Amino acid sequence: MNLEETAEKSISSAFEKHLAASDSTPSWWTEFKKDSFEKFSSLPMPNRKNEYWRFSNLKGIKIDDYSFGEHALIEDAYDLIERSSILCQHSGSYVFADNQTVHMQQAAAELREKGVIWCTLREAVKHHSELLRDYFMKQEADLGSEKFAALHSAFVENGVLLYVPKGVEVEDPFVVYNWATSADAAIFPHTLVITEEFSKAQIVEAQFSKNEADRAFSCGVTHLFAGCGSKIDYTLLQDYNEQTLGFQINSNIAGKDATVKTASVNVGCRQYRSETHGRIKGAGAHVDMYSLAVTDADQEIDQRTLQTHSAAHATSNLLFKNALQDSSKTIFSGLIKVDEGAQQTDAYQTNRNLLLSNKAEANSLPGLEIEANDVKCSHGATTAQIEDEEIFYMLARGIPRHKAQELIVYGFFEEIIDELSNESLAENARRIIQSKFQKNA
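Quick caveat, the model's predicted, so the values are computed rather than measured.

Asker: For this particular structure, what's the right way to read the pattern of salt bridges?
Answerer: Applying the stated criterion across every chain, the model contains 27 salt bridges. With its nearest N and O atoms 3.7 Å apart, the salt bridge here joins Lys261 to Glu419. One end of the pair, Lys261, is in strand S12 (residues 259-266); the other, Glu419, is in the loop between helix H9 (401-417) and helix H10 (423-439), and 158 residues separate them in sequence. Notably, a salt bridge pairs Glu415 with Arg352, separated by 3.5 Å at the nearest N-O pair. Note that Glu415 is positioned in helix H9 and Arg352 in strand S18 (residues 346-355), a separation of 63 residues in sequence. Each of Arg273, Glu275, Asp302 and Arg304 takes part in a single network of salt bridges with overlapping partners.

Asker: Honestly, helix H7 (residues 146-155) in this entry has me stumped. Any pointers?
Answerer: Owing to its 3.6 residues per turn, the α-helix aligns residues three or four sequence positions apart on the same side. Of all ten residues making up H7, nine are buried, and the element is well covered by its neighbours. For H7, the set of buried residues is Lys147, Phe148, Ala149, Ala150, Leu151, His152, Ser153, Ala154 and Phe155.

Asker: Whenever I open this one, the side chain of Ser84 confuses me. Can you help?
Answerer: Mapping Ser84 onto the fold places it in the loop between helix H3 (77-83) and strand S1 (92-97). According to the relative accessible area criterion, Ser84 is buried, its value standing at 12%. One polar contact links the side chain of Ser84 to the main-chain carbonyl oxygen of Leu80, over a distance of 2.7 Å. Within the local environment of Ser84, its side chain forms a polar contact with the side chain of Trp179, the two groups lying 3.0 Å apart.

Asker: What's the story with the packing of aromatic side chains in this structure? I'm lost.
Answerer: Given two aromatic rings, their pairing is described by the distance between the two centres and the angle made by the two planes. Throughout the structure, instances matching the rule amount to 24 aromatic pairs. For the pair Trp53 and Phe247, a centre-to-centre distance of 6.5 Å together with 55° between the ring planes defines the contact as tilted. One end of the pair, Trp53, is in the loop between helix H2 (27-42) and H3; the other, Phe247, is in strand S11 (residues 245-254), and 194 residues separate them in sequence. Each member of the pair Trp53 and Phe247 is classed as buried. Measuring from centroid to centroid gives 5.8 Å for Phe155 and Phe188, while their planes differ by 10°, and the two rings are stacked. Residue Phe155 is located in helix H7, and its partner Phe188 is located in the loop between strand S6 (185-187) and strand S7 (190-195); the two are separated by 33 residues in the primary sequence. In this structure Phe155 comes out as buried when scored by relative accessible area, which is 2%. Positioned above the aromatic ring of Phe40, the side-chain terminus of Lys147 is 4.1 Å from the ring centre. The ring of Tyr66 carries the charged tip of Arg215 above its face, separated from the ring centre by 4.1 Å.

Cut-off values and rules
- Residues numbered from 1 in each chain as written.
- Predicted model: local features only at pLDDT ≥ 70, side-chain atom pairs only at ≥ 80, totals over all residues.
- Heavy atoms only, no water.
- Salt bridge = Lys/Arg side-chain N within 4 Å of Asp/Glu carboxyl O.
- Helix = DSSP H or I, 4+ residues; strand = E, 2+ residues; numbered from the N terminus.
- Buried < 20%, exposed > 50% of the residue type's maximum accessible area, 1.4 Å probe, protein only.
- Polar contact = N/O pair within 3.5 Å; in protein donor to acceptor, adjacent residues only side chain to side chain.
- Phe/Tyr/Trp six-rings, centres within 6.5 Å; stacked < 30°, edge-to-face > 60°.
- Lys NZ or Arg CZ within 6 Å of the ring centre and 35° of its normal.

Next up, the structure:
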């Protein structure tokens, strides 16, 4: 038996225990998990022949020696709750630690009376089964991590469901915290947002590690469904420790005249892969996708994106920025795809990389696939180092070199930070970036 077969056997045993622990759930949920695990087992691990894994470090994604489906005792839960404070004003919140709920704040009674659902995935399986069945994992992963999406579906047991009915607008954001707390933990964050016609919602997700020493495996999924004329604003702050292996598989669907904005701040993980598919399915829809990443040491952040335009008179805009220190590495591979009937599409895609070290490596692979003949689409990528004149200007005024680089990076990222939904969230993004530089000061 080779190493891959041994790994599959170990994960299979963990899945049997996981399934046995969820035998009281609806039959469709159990069958879905069984089918997902079969799919996971049948799919090969990523290899060099797969274009979606070009430039990726495949040796770094070994997953067999993590603890799947095991529930460790959550110590210092109160401390985690205290540290879960990126927003003081919100419409509801959840704190998860190693897939377990340690704190919750329900949506206000006024919102619940209007039909807003804000609950854990466990509660949704029991009390909102039909709604969940209609939307849960309905968007197939299609950017390379199909095997890991199936693994997520097989082992996921907690997360959040946010449902906002027709015509309801919620001003303050909902917040969810996902903590990795124990050594070798395998966690599966899941966020599902559904907004019906002409509704509005904001959601913020934070992914943190309890400490800097314990490694973990995070395999998260976020799906956003924006109905006709609705608005979704989603922000992710990813600050796991640099012992963590992370996957984040995202999709958003924008219906007619809908608006979706997503923004990610990524500074954590030893190796992190993010896949984002923006599906523009309704005429008049608009999708914005923003991301910033700061890397150091030998980190790798791998970003794969797809903007699919299926409807006419719709727009999308993507801007990803990366700042790289030391021997770190980033990969950006993005595609704008315009279907034949999506005339008068207006779509943009930009990746900009700032190298702070001669040893850093930034790879950019933007692309277009256009089948319509009346469109305005463009893509671009730039990679540059900080100009010597900029550094000299600050050194001459008594600013240390490391601090000078930090200030330049702040300016580089401000275009994206300005897109975050409120100032408190923007300040937390700046704090996370600052902490990254202070660690290396």
